[in-house]
Amino acid sequence: MYGFFNKNIKTMSVNKVILVGNVGKDPEVKHLENDLSFAKFPLATSERFKTKSGEKAERTEWHNVVVWRGLAKVVEDYVKKGTQLYIEGRIQTRKYQDKDGNDRYITEIVGDNLQMLGRKGADDNSSSDQAQQSVQDSGAAYESSPADEDLPF
């Protein structure tokens, strides 16, 4: 038996994130050796609620998103500030050193699936269908991140 039904497994964990939000600024794309590339961008998710006094309020949370390989190419070609995205991935915290040698930590969403949302053709008339096909193609063909990379960006 697998998963929850295997009595020999002492612990089980899941690291799965699903976000729907808007890109906060144009993605930054880096091209590395061996045709390896990644894209990073902030994604805003908002929650609307009523306060105890009955007033409407909104809270926005910002997420650092990173995608690799084929998804980075799709992001480079089709995603810009304001694009609404559906992202699936995992939470990852990395440690790096800043220019002064201080240890810093960053928590990111490493995306392994994305879908562009919003009205078809709202931003650029004919590229919407092409982008959707590219996302589907690259999502199946590429892993989310290289196992041996630890890049401070």
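Residues take numbers from 1 onward in each chain, read along the sequence in its written order. Per-residue local features are limited, in this predicted model, to residues with pLDDT of at least 70; the limit for side-chain atom pairs, both in listing and counting, is 80 or more; totals at the level of whole chains, interfaces and linings are taken over all residues. Based on all heavy atoms of the structure, the side-chain values leave hydrogens and waters out of the count.

A run of DSSP states H or I qualifies as a helix once it reaches four residues; a run of E qualifies as a strand once it reaches two. Both are numbered from the N-terminal end. For the protein, the count of helices and strands is two helices and six strands. Listing each helix as α and each strand as β along the protein from the N terminus yields β-β-β-β-α-β-β-α. Here's how the labels work: a residue is buried when its accessible area is under 20% of the maximum for its type, exposed when over 50%, partly exposed in between, all with a 1.4 Å probe on protein chains only. Buried positions account for 31% of the 153 residues belonging to the protein. We call two residues in contact when some of their heavy atoms are within 4.5 Å. Sequence separation of at least 24 residues holds for 61% of the intrachain contacts in the protein that already meet a minimum separation of 6. The Shrake-Rupley method, run with a 1.4 Å probe sphere, supplies the accessible areas, and residue values consider only the shown protein chains as cover. As presented, the protein carries roughly 10800 Å² of accessible surface, and 45% of it is formed by carbon and sulfur atoms.

Any two strands with at least two DSSP-identified bridges between them are counted as paired. Of the strand pairs in this sheet, strand β1 (residues 17-23) and strand β5 (residues 84-97) are connected by six bridges, and their pairing is antiparallel. For Gly21, the partnering residue across the bridge sits in β5 and is Leu85. Pairing geometry for β5 and strand β6 (residues 103-116), over 13 bridges, is antiparallel. Paired with Thr93 across the bridge in β6 is Thr107.

This next bit is on unusual backbone geometry. Here the phi dihedral of Asp35 falls at roughly 60°; this positive angle occurs in a residue that is not glycine. You will see that Arg69, though not glycine, has its phi angle at about 55°, which is positive. Considering the arrangement of structural elements, one finds Arg69 in helix α1 (residues 69-78). Look at Arg69 and you get partly exposed, because its relative accessible area is 25%.

Mapped onto the elements of the fold, Glu58 is located in strand β4 (residues 56-68). Among all residues touching Glu58, those that are not within four sequence positions of it are Ser46, Glu47, Arg48 and Phe49. What qualifies as a polar contact is a pair of N or O atoms within 3.5 Å, subject to a donor-acceptor requirement within protein and to the restriction that residues adjacent in sequence count only when both atoms come from side chains. Here Ser46 takes part through its side chain, which lies 3.3 Å from a polar atom of the side chain of Glu58.

For Val67, the position within the fold is in strand β4. For Val67, a relative accessible area of 1% gives the class buried. Val67 sits 42 residues away from Ile109 along the chain, and the two C-alpha atoms are 8.5 Å apart.

Turning our attention to the pattern of salt bridges. Here a salt bridge means any side-chain nitrogen of Lys or Arg lying within 4 Å of a carboxyl oxygen belonging to Asp or Glu. Enumeration according to the criterion identifies nine salt bridges in this entry. Across the pair Glu28 and Lys30 runs a salt bridge whose closest N-O atoms are separated by 3.4 Å. Across the salt bridge formed by Asp103 and Lys95, the nearest N and O atoms sit 3.3 Å from each other. Its relative accessible area of 38% is what places Asp103 among the partly exposed residues. According to the relative accessible area criterion, Lys95 is partly exposed, its value standing at 43%. A single salt-bridge network, built from bridges that share partners, covers Glu28, Lys30 and Lys40.

Keep in mind that these numbers describe shape and distance, not what the molecule does.
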